[in-house]
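A look at the structure
Chain by chain, the residues:
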Amino acid sequence: MKYVVSLLLGLVIGAALFVAGLLFNPFIANRGLSPLSVTDAEVITLNFANVPAESIAYTNDGESLHDPYPEKVLQLWEAPIRSTSAMATVMRDARNQVAGIGVKFSSDSESTRLLKGQAIVDSVWYVYLPEHGSLFIQQTENYFPFVREVAFPAWRSSANSWRGSWLGDLTAGPGALGTAAVTGGSGRVKGLRMEGVESMSVSAFSADIGLVSSEGRLMIEMPENLEEINE
Amino acid sequence: MPDLAGELIRGETVLLKTFFLGIVLGLAAAAGALYAIPVVDQVREASIVKVTPNGGNSETFHINVPMDRIVLGDAGQAGAVPPGLKWPTDEVLANVRAELFKIRNARDAVVGVAVRAAATSQENSVIDWVLHLPARGSLFVNMDVAPLEGGFRIGEIASGSREFAPLSGFMTERWIQNDSNEEDAPAGRIELSATYVGQLDPLETAETVE
């Protein structure tokens, strides 16, 4: 009997060691500097509220970490959309002025590979900016660094929460440099193919209710010869 | 006389070995489970795609109104959906209207979500659709603002992701009023009909010569 207990104890500790190794694996590093932060081209910077209760509307299956907002919004409970969330939010420019409206659809991705440090979400943005036109942004996001550095410490803490300062790029593709593919649909950006990066800053997170204080940012790199294109 | 001390040490050694074997097995089991069991497994509804006579494929989606409407935001409208929605009242967004819907396939099963955005201005009026089908990908369609005869609007597929990335084509939108007197019947439905055309691959040089 004591050998069975010893084996089971070993199994549990082995599995826990594996999870710890995965979370603290030094070979799974953040990508660091975004390629758009060193570009010479014109960049559109859009800030938005990432906390559902600060957005215009947010919905999911109703059983996930974040509660839908407003309370009576239709929930995405049907099986094909159960792992999807939808958010409508105000987009603000770098001067914090309202620049337009943004809608984001995010779905858990089947390309998630936790062994490789990839917690992937397939997401698309539709952004309408009266000054520039409409934009479609498609990207794969990797939430593994966020889980490792914010969500897991919050879950481990006795208060089930995390406070601090976390800033990271979420976009991991489909661009070769880890950038999102951006397509202009109308206005000044009609027909343009661009690149973008979404990042998130978090200062408070709760393992019970999700993001408490957080802001998102979209950076879109315009083509260098935009004036010539528009002429 | 029995060697009790020796037996005790032997017993502890076996216990320790079992414990370490457990750790190795635990590590292997966790790694194996993560490798073999998919973390995410999206539910798929079979696509109902028809081949069109002049090439390409077509697929129809629809939205039952008002049941499938998730959000209706419009600065100038009182009946916002859901109740309690605070649509921004900034001047910049005065002529912008956005609606979020669940979308259904031809079998009336929900397969995705969509946004329809409409903006009017003197220089540039816009009607855009983004359809997001979690198991397949997304479509971005920029519609012609002026409706065609029969109440249709047509627009070009401007971009797509994953399954839709290599496709081009167009999509039509049409409002179909429900004339039945059934109690729980929708007021009508928005029908979206997408026609996809695959990317043309250039012929190999040898084939061109032949």
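One can find the structure itself at the top, above this paragraph.
Structural notes, computed from the coordinates.

1. Comments concerning the overall build of chain B
- A tally of regular secondary structure across chain B gives two helices and 10 strands.
- Along its sequence from the N terminus, chain B presents helices and strands in the succession α-β-β-β-β-β-β-β-β-β-β-α.
- Relative to a compact globule of 210 residues, whose C-alpha radius of gyration would be 17 Å, chain B shows 29 Å and is clearly more extended.
- For chain B, the spread of C-alpha atoms along the principal axes amounts to about 105 × 65 × 40 Å.

2. A look at the overall build of chain A
- When its secondary structure is counted, chain A shows three helices and 11 strands.
- Sequence-ordered secondary structure for chain A, helices as α and strands as β, is α-β-β-β-β-β-β-α-β-β-β-β-β-α.
- Referenced to the eigenvectors of the C-alpha coordinate spread, the extents of chain A come out at roughly 80 × 40 × 35 Å.
- By residue count, 53% of the 231 residues in chain A fall in the buried class.

3. A few points about unusual backbone geometry
- In the segment running from A:Y69 into A:P70, the intervening peptide bond is cis, with an omega of -10 degrees.
- Of note, A:P70 is situated in the loop between β2 (57-59) and β3 (84-92).
- A cis amide bond, omega -5 degrees, links B:V81 with the succeeding residue B:P82.
- Note on placement: B:P82 falls in the loop between β3 (69-74) and β4 (96-104).
- Even without being glycine, A:N160 reaches a positive phi, approximately 55 degrees.
- When you line up the elements, A:N160 lands in the loop between α2 (144-156) and β7 (161-169).
- Overall, A:N160 belongs to the partly exposed group, its relative accessible area being 24%.

4. Observations concerning helix α1 (residues 2-23) of chain A
- A rise of 1.5 Å per residue sets the reference length of α1(A), with its 22 residues, at 32 Å; its end C-alpha atoms lie 31 Å apart and thus fit the reference within 8%.
- Listed in full, the buried residues belonging to α1(A) are A:S6, A:G10, A:G14, A:F18, A:L22 and A:L23.

5. Overview of the pairing of strand β10 (residues 193-206) of chain A
Residue and element names in this part refer to chain A.
- Judged by how many residues are buried, β10 sits mostly within the fold: 10 of 14 residues are covered.
- Here seven bridges tie β7 to β10, and the two strands are oriented antiparallel to one another. Considered in β10, the bridge of W162 is made with F205.
- Relative to β10, strand β9 (residues 180-184) runs antiparallel, the two being bridged by four bridges. Of the residues in β10, the one forming a bridge with V182 is M194.
- Count of turn residues in the β10/strand β11 (residues 210-221) antiparallel hairpin: three residues.

Conventions used here
Residues numbered from 1 in each chain as written. Chains lettered and ligands numbered in written order. Predicted model: local features only at pLDDT ≥ 70, side-chain atom pairs only at ≥ 80, totals over all residues. Heavy atoms only, no water. Helix = DSSP H or I, 4+ residues; strand = E, 2+ residues; numbered from the N terminus. Rg over C-alpha atoms; globule rule 2.2 N^0.38 Å. Buried < 20%, exposed > 50% of the residue type's maximum accessible area, 1.4 Å probe, protein only. Expected span 1.5 Å × (residues − 1). Pairing = 2+ DSSP bridges.

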